[in-house]
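# Geometric and topological summary
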Amino acid sequence: MTVAAPIPAAPAAAGGKAPVHHSTTRFRGVPTFANSTLADIGTFDDPIVREAAVEGLGRYNGAVVAVNPNTGRILTVVNQKVAFGDGFIPCSTIKPTIAVAALEENVITRDTMLRVHDRHARYMNLTEALAHSNNDFFEQLGVRMGFDTVSKYARLMGLGELAGYNLPEEHPGAFPMAPPAHGGVARMSSFGEGIQITPFQLVSLASAFANGGTLYYLQYPRTPEEIQNFQPKVKRDLNIAPVLPEIREGMLAAVLYGTAKRSFDAGGDETPLGKTGTCNDPTSKVGWFVTYADEQHPKIALAVLLRGSSHQVEGPTAALVAGRIYRRLREQNYFSTATASNETMKPVIVLGTDSGN
C-alpha cells in the first residue's frame, strides 16, 4: 500500500495567522463523497422510489438500483454512469450464490456445522455463517464443490451475462474460465475473487430469492409508451425454491444481528433480508448491500454499491443506506400502498430457460 507523503509545513501567513492544513488519506483514488445524481436521467423512474434512493445514498459516491422482484421492472437507477459500468468484485455478496450451490449439491444442510475461525463461534451452520459473513465457512464449501460446480451455479444465477432486456448501456461483468490465481476457488467462493459483477446482476439475483426462484429479465421503461406496454419477461426458472428458506434465514439473521443490522428499520413492519460485502484495495474500496423487503410479500429489491477511499466505504454502511431507503419508503406509505399493480396482470413472456442470455 502506498502511503501519501506528508504535506510540508507552510510558512506563517501575513498577519501572524497559522496556515491552513488539509488532511490527507492513506488511500489515493476514488473519492468517498460525490454528487451521485449529476448525470442521471430519472424522468420515468418511480418517483417515490427514486426520491428515497437519492436521499438514502446522500453524498456517498455510489449507486442504487431498485427493482420490482415480481416483474423485473427497474424502478430507479441512481448514479447511472456507475451502475451501467463494467462491474466490481462482488466481495461477500457472492456467498448466497455459493450457499445455494452447496445446498443443491447436498454438500451441506441447514444444520451442518463447520469449524471456522471467527470471534463469534468455533463452529457455525449456514445461518450463522451468512449472518456474520464468515470466510472460512464458504471457502470450505468452494473447495468441496470445486470450480466447475461453483461456476455452473454462478452462471445459472446470471453471473457473467447481461441481466437486462434491451438495456444497451449494460455490461455483462465477467466470470473466470479457470480458478483465480490468487486464492483459487476458495477465495472466489468467499470473496468473489476473479469475478466482476454489476448492480443489475446482483439485484436480479435478489429478486429471484424474493419471488421464489424466477429470474426475470430486468427492464427499464424510459418512455410513456414503454411504461404503458410493459410486460414481464422470464429469463429462466432457477428451480431453487426448496433451498430458499435456508438462504432467507441467513439473510434475515444478517439484518437482525449480523453484518447488515444497520439496515433494520425499527419502525417498520417489513423486515428486510440482505447480504453485505466489503473489499479493500490499495487505491479504493467497495461496499455492497443486496436486499429485498419484505419476506412474505416482497415489493422491492435493492442493490447498493459504495466506492471510495475511506473506512466508511464498507458493506455495513451500504446496509445503512438501504435502511434509510426503507425508512423513507415506509414514511411515504410505499409498503402499505404498493401492490403488484397492473404490471403482473399482463401476460408474462417466457423468453428462454437456458443458462445464457
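Look up a bit, the structure's there.
Nothing here was measured: the structure is a model prediction, and the numbers come from that model.

### Observations regarding the sheet that holds strand 5 (residues 214-216)
Spatially, 3 strands are ordered 5-6-10 in an open sheet, and the strand pairing comes out mixed. Strand pairing shows two members of the sheet lacking a second neighbour, strand 5 and strand 10 (349-350), which therefore form its edges. Across 3 bridges, the pairing between strand 5 and strand 6 (residues 233-237) is antiparallel. The partner of T214 across the bridge, within strand 6, is D237.

### Points about the nonpolar core
The biggest cluster of nonpolar side chains holds 69 residues, and the ones touching the most others in it are F137, F138, L141, F200 and F209. Considering every element that reaches this core, the biggest residue donor is helix 8 (residues 199-211), with 8 residues. Ignoring sequence-local partners within four residues, the contact set of F138 consists of K95, I98, A99, L126, A129, L130, S189 and S190. Counting residues in each nonpolar core, the second largest holds 28 residues, with L75, V304, L329 and Y334 among its members.

### Considerations on helix 5 (residues 135-145)
Here helix 5 has its buried residues at D136, F137, F138, L141, G142 and M145. Residues of helix 5 that are buried make contact with helix 3 (95-104), strand 3 (114-115), strand 4 (123-124), helix 4 (126-132), helix 6 (147-156) and helix 7 (184-191).

### Structural notes on the packing of aromatic side chains
Across all of its chains, the model carries 7 aromatic pairs by this definition. Put simply, the rings of Y326, Y334 and F335 pair up and form one aromatic cluster. Its guanidinium or amino end placed over the ring of F33, R59 lies 4.7 Å from that ring's centre, counting from NZ or CZ. Sitting over the face of the ring of F191, R187 holds its NZ or CZ atom 4.3 Å from the ring centroid.

### A word on the sheet that holds strand 9 (residues 300-308)
The antiparallel open sheet is built from 5 strands, whose spatial order is 2-1-9-8-7. In this open sheet, the two strands that pair with only one neighbour each are strand 2 (74-78) and strand 7 (273-280). Across the sheet, the mean angle separating the axes of adjacent strands is 5° when strand polarity is ignored. Pairing between strand 1 (residues 62-67) and strand 2: 4 bridges, direction antiparallel. What sits directly across from V67, in strand 2, is I74. Packed onto the sheet, helix 10 (residues 244-257) meets strand 7 and strand 8 (285-293) and runs at close to 70° relative to strand 7.

### Looking at the side chain of S189
Locating S189 in the fold gives a position in helix 7. Judged by relative accessible area, which is 0%, S189 ranks as buried. At a separation of 2.8 Å, a polar atom in the side chain of S189 contacts the main-chain carbonyl oxygen of V185. Not counting residues within four places of it along the chain, the set of residues in contact with S189 comprises I94, K95, I98, F138, G142 and V150.

### A word on the pattern of salt bridges
Tallied over the entire structure, the rule returns 12 salt bridges. Here E169 makes a salt bridge to R222, at a shortest N to O gap of 2.7 Å. Residue E169 is found in the loop between helix 6 and helix 7, and its partner R222 is found in the loop between strand 5 and helix 9 (224-228); the two are separated by 53 residues along the sequence. A residue is classified by how much of its surface remains accessible, and R222, at 28% relative accessible area, is partly exposed. The salt bridge involving R330 is made with D265; its shortest N-O contact spans 2.7 Å.

Reading the values: the criteria
Residues numbered from 1 in each chain as written. Predicted model: local features only at pLDDT ≥ 70, side-chain atom pairs only at ≥ 80, totals over all residues. Heavy atoms only, no water. Pairing = 2+ DSSP bridges. Helix = DSSP H or I, 4+ residues; strand = E, 2+ residues; numbered from the N terminus. Core = buried A, V, L, I, M, F, W, Y, C linked by side-chain atoms within 4.5 Å. Buried < 20%, exposed > 50% of the residue type's maximum accessible area, 1.4 Å probe, protein only. Contact = heavy atoms within 4.5 Å. Phe/Tyr/Trp six-rings, centres within 6.5 Å; stacked < 30°, edge-to-face > 60°. Lys NZ or Arg CZ within 6 Å of the ring centre and 35° of its normal. Axes fitted to C-alpha atoms, helices over the stretch in contact; angles between N-to-C directions. Polar contact = N/O pair within 3.5 Å; in protein donor to acceptor, adjacent residues only side chain to side chain. Salt bridge = Lys/Arg side-chain N within 4 Å of Asp/Glu carboxyl O.

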